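Chains, contacts and geometry: an overview
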Amino acid sequence: MGGLVLLNALVTRLLFVLHSLVGVWRVTVVKDDPRYWLLALLNLLLLLETVLTLKFKRGRGYKWFSPAIFLYLISIVPSLWLLEMNHENQHCNAQSEEMSQNMSRKEDFNQTWSPSRNISGVDGIIETARLFVNNLSAVCETVWTLGLHQTFLLMLIIGRWLLPIGSTITRDQLSELLLMFVGTAADILEFTTETLKENNVRNNPELVCAILLVWTWSMLQFPLDLAVQHAVCPSSMNARRFPILFFCLYSADLWNIGISVFIQDGPFLVVRLILMTYFQVINHMLVFFAVKNSLVVLLHLYRLVALALAARASLQDLSQGPKAEHTRQAQALESESREGLALPLQTSPVTSEDSHSTP
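Residues numbered from 1 in each chain as written. Predicted model: local features only at pLDDT ≥ 70, side-chain atom pairs only at ≥ 80, totals over all residues. Heavy atoms only, no water.

Topic: the overall build of the chain
When helices and strands are tallied, the chain shows 15 helices and 0 strands. When the 359 residues of the chain are sorted by exposure, 36% land in the buried category. A separation threshold of at least 6 residues defines the contact pool for the chain, and within that pool the share at least 24 residues apart is 77%. Accessible area of the chain: about 21500 Å², with a carbon and sulfur share of 65%. (Helix = DSSP H or I, 4+ residues; strand = E, 2+ residues; numbered from the N terminus. Buried < 20%, exposed > 50% of the residue type's maximum accessible area, 1.4 Å probe, protein only. Contact = heavy atoms within 4.5 Å. Areas by Shrake-Rupley, 256 points an atom, 1.4 Å probe, with all protein chains shown as cover.)

Concerning the confidence of the model for the chain
As a note on interpretation, predicted positions should not be read in detail where pLDDT is low. Of the residues in the chain, 72% have a pLDDT of 70 or more, and the chain-wide mean is 79. Within the model, the stretch residues 103-113 combines pLDDT values under 50 with 7 contacts to residues more than four positions away or in other chains. In this model, residues 355-359 is a region of pLDDT below 50 whose contacts with residues beyond four sequence positions or in other chains number 0 contacts. (pLDDT = per-residue confidence, 0-100.)

Digging into helix α3 (residues 67-85)
Across its 19 residues, α3 extends 27 Å between first and last C-alpha, which sits within 8% of the 27 Å expected from 1.5 Å per residue. A bend of about 30 degrees at Ile76 is the largest found in α3, and the proline Pro78 appears one to four places after it. (Expected span 1.5 Å × (residues − 1). Bend = angle between axes of the 7 residues up to and from the residue.)

A look at the packing of helix α10 (residues 205-219) against helix α12 (residues 251-277)
Direction vectors running N to C along α10 and α12 enclose 165 degrees, while the axes themselves pass 9 Å from each other. Relative to α12, the element α10 lies roughly antiparallel. Classified by chirality, the crossing of α12 by α10 is left-handed. Two secondary-structure elements touch here, α10 through Leu207, Ile211, Val214, Trp217 and Ser218 and α12 through Phe262, Ile263, Pro267, Phe268, Val271 and Leu275. Residues belonging to the contact of α10 with α12 are distributed by class as follows: 10 nonpolar, 1 polar and no charged. (Axes fitted to C-alpha atoms, helices over the stretch in contact; angles between N-to-C directions. Parallel < 35°, antiparallel > 145°, perpendicular 65-115°, else oblique. Left-handed = near helix turned anticlockwise from the far one by under 90°. Nonpolar A, V, L, I, M, F, W, Y, C, P; charged D, E, K, R; others polar.)

So, the pattern of salt bridges
Pairing between side chains of opposite charge can happen when their charged atoms approach one another. A complete count under the given rule lists 8 salt bridges for this structure. Its salt-bridge partner being Glu49, residue Arg13 comes within 2.9 Å of it at the nearest N-O pair. Placement of the pair is Arg13 in helix α1 (residues 2-31) and Glu49 in helix α2 (residues 43-56), with a sequence separation of 36 residues. Each member of the pair, Arg13 as well as Glu49, carries the same accessibility label: buried. Two residues, Glu190 and Arg272, come together in a salt bridge whose shortest N-O distance is 2.5 Å. Highlighted residues: Glu190 in helix α8 (residues 171-196) and Arg272 in helix α12, separated in sequence by 82 residues. A network of salt bridges, in which partner residues are shared, links Asp187, Asp265 and Lys292. (Salt bridge = Lys/Arg side-chain N within 4 Å of Asp/Glu carboxyl O.)

Some remarks on the packing of aromatic side chains
The description of an aromatic ring pair uses the distance of the two centres, along with the angle that the planes make with each other. Applying the stated criterion across every chain, the model contains 10 aromatic pairs. Each member of the aromatic cluster is reached from another via a ring pair, and the members are Phe16, Tyr72, Phe152 and Trp215. (Phe/Tyr/Trp six-rings, centres within 6.5 Å; stacked < 30°, edge-to-face > 60°.)

Brief notes about the nonpolar core
Note on soluble globular proteins: their nonpolar side chains tend to be buried together. With 49 residues, the main nonpolar core has Phe152, Leu156, Trp215, Met219 and Phe222 as its most contacted residues. Elements with a contribution of two residues or more to this core: α1, α3, α7 (141-162), α8, α10, α12 and α13 (284-319). With 9 residues, α3 is the largest single contributor of residues to this core. Apart from residues no more than four positions distant in its own chain, Met219 is found in contact with Leu73, Phe152, Leu153, Leu156 and Ile188. Counting 6 residues, the second largest nonpolar core, distinct from the first, contains Phe246, Tyr250, Val261 and Ala311. (Core = buried A, V, L, I, M, F, W, Y, C linked by side-chain atoms within 4.5 Å.)

Here's the deal with the packing of α8 against α10
Direction vectors running N to C along α8 and α10 enclose 175 degrees, while the axes themselves pass 11 Å from each other. In terms of their interaxial angle, α8 and α10 are classed as roughly antiparallel. On α10, the residues that touch Ile188, Phe191, Thr192, Thr195 and Leu196 of α8 are Val208, Ile211, Leu212, Val214, Trp215, Ser218 and Met219. Counted by class, the contact of α8 with α10 contains 9 nonpolar, 3 polar and no charged residues.

Here's the deal with a nonpolar patch on the surface
Among the surface-exposed residues, Leu4, Leu7, Val11, Leu14, Leu15, Leu18, Leu154, Ile158 and Leu162 lie close enough to one another that they form a single nonpolar patch of about 750 Å² accessible area. Contributions of two or more residues to the nonpolar patch are made by α1 and α7. With 6 residues, the single largest contributor to the nonpolar patch is α1. One can find Leu162 in helix α7. On the accessibility criterion, Leu162 (34% relative accessible area) is partly exposed. (Patch = residues over 30% accessible without salt bridge, like charges linked within 9 Å, V, L, I, M, F, W, Y side chains within 5 Å.)

Focus on the environment of Gly59
One can find Gly59 in the loop between α2 and α3. The sequence separation of Gly59 and Val5 amounts to 54 residues, and the corresponding C-alpha distance is 6.2 Å. Other than its neighbours up to four places away in sequence, Gly59 contacts Val5, Leu6, Ala9, Thr53, Leu54 and Pro164.

The structure is reproduced here in C-alpha cells:
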C-alpha cells in the first residue's frame, strides 16, 4: 500500500510538470522568444514540494490544503496569462484556413506521413514525433489556448483524485469534493470562453486583465479541502457562544457558501454586470449566466440565514438545558415524595375482623 501511495504521488506531480512544460513551450512558440523557457523554473517549487512530501509525509496529503495543486497553479497560470494577452484573431484565422486547405488534400497528408513508414526503429519514432510536433505547432493559437484551459481544469480534477489523501479526509469526502470540482470547472471554463470571445473585450487590454484576475482568483479554491471537512466542537463553555457554535455546527457549509459568494459566483456576477451595463456587451448567454450567478448567490445567502436560525435555536436549547434539567429533577423528586406518602396507606388496609374487635 505504501508503494502505491508513493507511485500516485510521483505520477501526479509528473503530470503536473509535463502539462506546465507544454504551456511554456506554447508561449515560446507564440512569442518567438526562447527566453520564456525561464518560466519552466517555476516547476522547481513543485519538485521541492515533492521531495519534502515524500520525506516527511510519505507521499500523503496535508490537512485542509494541497500544496501540490497550489504550486501547479503557480507554474501554469503565467503561461495561460501570456497566451490570452497575445490573442490575435486575424493571424489565427489565416493559420486555420491554411491548415485546413493543406490537410484537406489527401496526397499532402500521405506525403507528410509516408517518410515515417519507410524508417524503422528509433529513427522512425523520432521522425514521427517530429512530424507530430510540427503539425501541433500549426494549430491555431485560439485552439491551443482553449485546449490548455480545458486540459488544465481536467488535470486539476484528475490530479486531485490521484493524489494520496491525508488522514483528515475520507474517501466519501473526497468524492464529494471531486463532484464539486467538476461543476466548478465547468463554470470557470464557461466564464473565460464566453467573456473573452467578445471583440469589445479583446480590444480592451485592461478589461482582459481584470477578467484574468477574477479567473485566477477563482482558481484558488482548488487547493482547499475546507468545503467538505467539519470542525470539531469543543465541549467547554466557550462553545456556547453563538459564533463558535455556529462555525462548529456548520463549518463545511459556511466554507462552501464563502467560496461561492466571494471566490466564484460573486466575482463572476460582478464582472458580467459590468460588461452588460458599462461596456454594453449583451448577449443571451451572458444574461443567462448572470441570472444564474445571482440566483446562486441569493440561494447561498438564504441558506446562510437558515443555518444561523438553526444555530440560534441550538444555542437557546443549550442555555436552557441546565434550567430544564433542574426543573425535571425537582418534578421527579416531588412525584416520588407524593408516592412515598401514599404507599403506607395502601399497604396496611383495615380488615373487617379488626374493625369489630373489642378492647
